[in-house]
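# Coordinate analysis (summary)
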Amino acid sequence: MKTLFTAEATSKGGHSVTIQTPDHLQHIILGNPLQTSGEKLGFRPELLFAGAYSACCHGALDDAGTKLSTPVEDSAVRALVGLVEEAVETRGKIKKGKVNHWQVTLKIGFTMRD
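Residues numbered from 1 in each chain as written. Predicted model: local features only at pLDDT ≥ 70, side-chain atom pairs only at ≥ 80, totals over all residues. Heavy atoms only, no water.

### Details of the overall build of the chain
Helix and strand counts for the chain stand at one helix and five strands. Starting at the N terminus and ending at the C terminus, the chain contains elements arranged as β-β-β-α-β-β. Here the chain, with 114 residues, has 9% of them falling under the buried criterion. Accessible surface, the chain as shown: approximately 10,300 Å² in total, 55% of it carbon and sulfur. (Helix = DSSP H or I, 4+ residues; strand = E, 2+ residues; numbered from the N terminus. Buried < 20%, exposed > 50% of the residue type's maximum accessible area, 1.4 Å probe, protein only. Areas by Shrake-Rupley, 256 points an atom, 1.4 Å probe, with all protein chains shown as cover.)

Here is the structure:
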């Protein structure tokens with residue numbers, strides 16, 4: 001499989017975090033959905049993930065329609081991303097007393113509606 005595009009961003013700080021792209025064109029401050037102070041710090045990470053994921057799936061849907069000579073018209077892809085209390089599976093590696101990499105398993109489902 002040929003990789004057509006790779007996105008890169010670095011986040012710092014957990015749920016109350018900033019995201020920076022290497023070219024410095026994007027600098028986003030995120031808020032913590034669990035913070036009850038009433039102060040809005042920025043978008044929730046889950047909102048950005050849902051928006052990006054739905055846009056990616058929508059692009060794949062449009063590409064599939066083009067390849068099948070069946071244009072996709074008036075379509076919408078809705079993604080719901082929820083913050084759950086318990087992770088299904090996580091794993092990572094500690095190197096020199098610091099987290100070297102971390103992986104979280106996500107369950108993703110699709111619903112097709114007429």
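### Re the packing of aromatic side chains
Here the structure, examined in full by the defined rule, presents one aromatic pair. Between Phe49 and Tyr53 the ring centres are 5.9 Å apart and the planes differ by 25°, which places this aromatic pair in the stacked class. Linking Phe49 with Tyr53, this pair stays in helix 1 (residues 45-67), spanning four residues, or about one helical turn. (Phe/Tyr/Trp six-rings, centres within 6.5 Å; stacked < 30°, edge-to-face > 60°.)

### Structural notes on the side chain of Thr21
Within the secondary structure, Thr21 sits in the loop between strand 2 (18-20) and strand 3 (27-29). Residue Thr21 is classed as buried on the basis of its relative accessible area, which comes to 15%. Residue contacts for Thr21: discarding those within four places in its chain leaves Glu8 and Gln26. (Contact = heavy atoms within 4.5 Å.)

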